[in-house]
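# Examining the three-dimensional arrangement
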Amino acid sequence: MLLKNIPIRRKLIAINLLTSMIVLVLMLVSVFTYEYLRLRQTTVRQLSTIGNIIAANSTAALAFGNHDDAEEILSALKGKPQIIAAALYDNHENLFSKYSVNLADDSLPVAPQEDGFQFNGESLSGFLPVMEGDKRLGTLYLKYDMGAVMREWLSASLGIAGAVMTIALLVGYLLSRKLQQQISQPIFALAGTAKSISERQDFSVRAEKLGNDELGLLTDAFNQMLTEIHKLNATLEQRVAERTAELGSANKELKREVTERIGAEKALSAALEKERLLSNNAIDVICTVDADGRFVSINPACKQLWGYSQEELIGRQFIELVVPEDVPKTNDVAAKIMAGEKVADFENRYRHKNGSHVYVMWTASWSETQQLIFSVARDITQRHLVEEKLKKSAVELERSNSELEDFASVASHDLQEPLRKIQSFADELKMSVGNKIDATEQDTLDRMIAAAGRMRTLINDLLAFSRVTTMARPFVPVDLNRIVQEVLWDLEARTRDTMGKIEVGDLPTIDADPMQMRQLLQNLIGNGLKFHASGVTPIIKISGENGGPNYRLSVTDNGIGFDEKYVDRIFTVFQRLHGRKEYEGTGIGLAICRKIAERHGGEINARSAPGAGSTFTITLPLKQSNEEKP
Amino acid sequence: MKAAFLYNFSQFIEWPAGVLSGSQSPLVIGVLGNDPFGGYLVELVRGERVNNHPLVVRHFHQAAEIRTCHILFVSQSEANQVDQILAHLKGRNILTVSDIDNFAVRGGMIRLVTENNRIRFRINLEAARGANLTISSKLLRAAEIVGSGRN
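Residues numbered from 1 in each chain as written. Chains lettered and ligands numbered in written order. Predicted model: local features only at pLDDT ≥ 70, side-chain atom pairs only at ≥ 80, totals over all residues. Heavy atoms only, no water.

## Regarding the interface of chain B and chain A
Using the following cut-off: Contacts between residues were defined by any pair of non-hydrogen atoms, one from each residue, lying within 4.5 Å. Buried area is understood as the total, over both parts, of accessible area removed when two parts are fitted together, assessed with a 1.4 Å probe. Whenever a carboxyl oxygen of Asp or Glu lies within 4 Å of a side-chain nitrogen of Lys or Arg, that contact is scored as a salt bridge. Polar contact criterion, stated in full: a pair of N or O atoms within 3.5 Å, where within protein one must be able to donate a hydrogen and the other to accept it, and residues adjacent in sequence count only if both atoms are side-chain atoms.
Each partner contributes to the interface: chain B provides 15 residues, whereas chain A provides 16 residues. For the pair chain B and chain A, the two sides together bury roughly 1400 Å², of which 50% comes from carbon and sulfur. In terms of surface lost to chain A, no three residues of chain B exceed Gln11(B), Lys138(B) and Arg141(B), which account for 39% of the buried area on that side. Counting the contacts that link chain B with chain A gives 5 salt bridges. On the surface where chain B and chain A come into contact, there are 7 residue pairs in polar contact (both at pLDDT 80 or more).

Rendered as structure tokens:
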């Protein structure tokens, strides 16, 4: 049966009608069965009633043997055509009287049987007692033809059943056609929505909800599902779009990369060409060495450097070329290089094919991907020879310098003693001669005494100059504010004489030699007080500023200044810009300052112009390592 | 045969209230004059009961002897004295039965007639009513009804 393919509407109607029909048929069957049984019962009762009447009426006929009467009584049964036979038996069980319709006489029982009715096919027959009072006078036999009654009943029943069935079917059909909408309509709505969605791919459509039953829930669930699908669809579309865009950009990227790759390949071949040409034209040796220390590639410069051709070298251990004394350190460096360390400026010596030694400076690095050492070697033999010479002369210079210093120190020291004697004797002589000598002699004596004094100052200054290195003390933290203060106390008299003004800013504490710092500042401030134009009150400013690891200390005056083209001269020993008559001095002070600055790893500079004052700037490290250079 | 009729009559007749009042009181069938049944009637009713009343047969020679009696058969021997007998019994609740000619016309209640070898009976309803007896319609069906003074 293709019941599952027919629409729900018709299915529902069919189910309803089928159910109704089955119920109706069952009901009709039971009703008719009941009716049938009742009919039989009624018939029996009717027959029994008729029989009883007949029997009661027959008593006299039987009692008085009146056959005519009996027949007459029995013939009353003509009014009941269904009774097809009747008979009376007397109390001797002899047939007394009979009645029959179209029935052979011998069909009647010969003798009465037990009282009571029984059905036999279409006929109902029975025996009834004929009683008068409590006395039995005989027996009545009746035979009833059920056939006609049954047929009549059956046709009537079938007619009713047919009518009922027809009406029930019609009413049932109309009702279920109306009522099935309750169920089918929401389903149609759902199905219609689903169909329109699948046809138009429009997920924004929603099924109409027609109630709150299971179909309502189904509709809700369906709509919810649609919302989900709608969302998913949107997400999917968005992702597709995104993916397309991504693919597009990836494609573009790929094209660009391909273009780049082509460009790169061109560039690479150009680079290879360039590298080959450069390598061929290079003066330096460019080579690669494998992990076993064998030359893998080398450029033609090797012929120039070591006297060997490229072919002679490739496959050879490079260490074979190294001068035996340099082999250990070369091996150490090679190990470092292969450990990933980049080595530059490594120097060693190689044996030239002609037996001479070649000084070589190396730059090398290890390529992990190619398992090769890439290196460039430069011939530094010439440079090395120059350096050797330079080193020799520097050592020579150092020695002569220190000899000179020693000499200066010793000489100054030893010169002091006779000088002191000259001075003291000259003073004594002046005291003793008094006015005994003339003015010219007096003047000569005074000049001698002054010259001795100048010499003493000169010697002291020279000593001080040489002591900067010979009497050096270790660096300790020095508070420059305190040093400046001490210097100002020492210079108090001179400051007062010149009416000078000294302004001091806030100064730091630095690592330095305190005595030398004091000397440095004393010299600079002293110069400021000394070199001023007559009639001008000296103003000196001491300030400073941090500059990274260094401190810049400035001493500014408003003195006579100098032409900057002489700036190198003022820091040189015995160099003076002014005559001794104008300003006192040995010309050593600023030389000492430079020496002190240099000993501290710093420097001294001066900015000035004639008549515009001077600014001396000393740059000193804030911290010292205390590893003093000689 | 006629004896059986007498017996059967008892079943179709209703006596007035007061007669046969006791439940056990016997229903008496009397025979006036010569008994034509011999001992047959006595044999017939022996042990029989009608409505729980035992049946008893009595013989009378004169009407004056009759005391308790419910059905009285007047024998042929009394044919000449029918009128007297009936006059004597007038007003009493006794069913009078006889095969004497014109018995019913003369005021008797049931006359037995033999026709074509069959026994028939004629009933005088006025007479029966006069004696306050009710005769079952069923009995009447089987009988021929006559009036007083007619044949």
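Let's pick the thread back up.
## Focus: the pattern of salt bridges
Pairing is possible between side chains of opposite charge, provided their charged atoms come close. Filter applied, for reference: Put simply, DSSP marks the helices as runs of H or I at least four residues long and the strands as runs of E at least two long, and each gets a number from the N terminus on. Accessibility here uses a 1.4 Å probe with only protein chains present; expressed as a share of the type maximum, an area under 20% marks a residue as buried, one over 50% as exposed, and anything in between as partly exposed.
Applying the stated criterion to the full structure yields 37 salt bridges over all chains. For Arg120(B), the salt bridge is made with Asp68(A), and the minimal N-O distance between the two is 3.9 Å. Of this pair, Arg120(B) sits in strand S8 (residues 118-124) while Asp68(A) sits in helix H2 (residues 67-75), which puts the two residues in different chains. Accessibility expressed as a relative area gives 47% for Asp68(A), which makes it partly exposed. Where Asp101(B) meets Arg111(B), a salt bridge forms, and the shortest distance between an N and an O atom there is 2.7 Å. With Asp101(B) in the loop between strand S6 (95-98) and strand S7 (110-115) and Arg111(B) in strand S7, this residue pair connects regions lying 10 residues apart in the sequence.

## Some details on the confidence of the model for chain B
All names here are of chain B. Stated formally: The predictor attaches a confidence to each residue, called pLDDT, with possible values from 0 through 100.
Averaged over every residue, the pLDDT of chain B is 84; residues scoring 70 or more account for 97%. Confidence, expressed as mean pLDDT per element, reaches its minimum in chain B at strand S3 (residues 49-50) with 81 and its maximum at strand S5 (residues 71-74) with 91. Here the predicted complex carries an ipTM of 0.81, next to a pTM of 0.43.

## Brief notes about the packing of aromatic side chains
The test is simple: Stacked, edge-to-face and tilted are the three classes for Phe, Tyr and Trp ring pairs, Trp counted by its six-membered ring, which pair at centre distances within 6.5 Å; planes under 30 degrees apart are stacked, over 60 edge-to-face, the rest tilted. Definition used: whenever NZ (Lys) or CZ (Arg) falls within 6 Å of the ring centre and also within 35 degrees of the ring normal, the charge is taken to sit over that ring.
For the structure shown, the criterion picks out 18 aromatic pairs over all chains. Seen in terms of ring centroids, Tyr350(A) and Trp362(A) are 5.6 Å apart; in terms of plane orientation they differ by 50 degrees. Their pairing is tilted. Taken as a pair, Tyr350(A) in strand S8 (residues 343-351) and Trp362(A) in strand S9 (residues 357-367) lie far apart in primary sequence, 12 residues in all. Plain terms: the ring middles of Phe562(A) and Phe616(A) are 6.5 Å apart, the flat faces sit at 35 degrees to each other, and that makes the pair tilted. With Phe562(A) in the loop between strand S15 (550-557) and helix H13 (567-570) and Phe616(A) in strand S17 (residues 614-621), this pair connects stretches of sequence that are 54 residues apart. Per residue, the accessibility class of Phe562(A) equals that of Phe616(A), and both read buried. Among the aromatic side chains, those forming a connected cluster through ring pairs are Phe64(A), Phe5(B), Phe9(B), Phe12(B) and Phe121(B). Residue placement shows Arg40(A) over the ring face of Phe119(A); its charged tip is 4.0 Å from the ring centre. Here the basic side chain of Arg316(A) rests over the ring of Tyr308(A), its NZ or CZ set 5.2 Å away from the ring centre.

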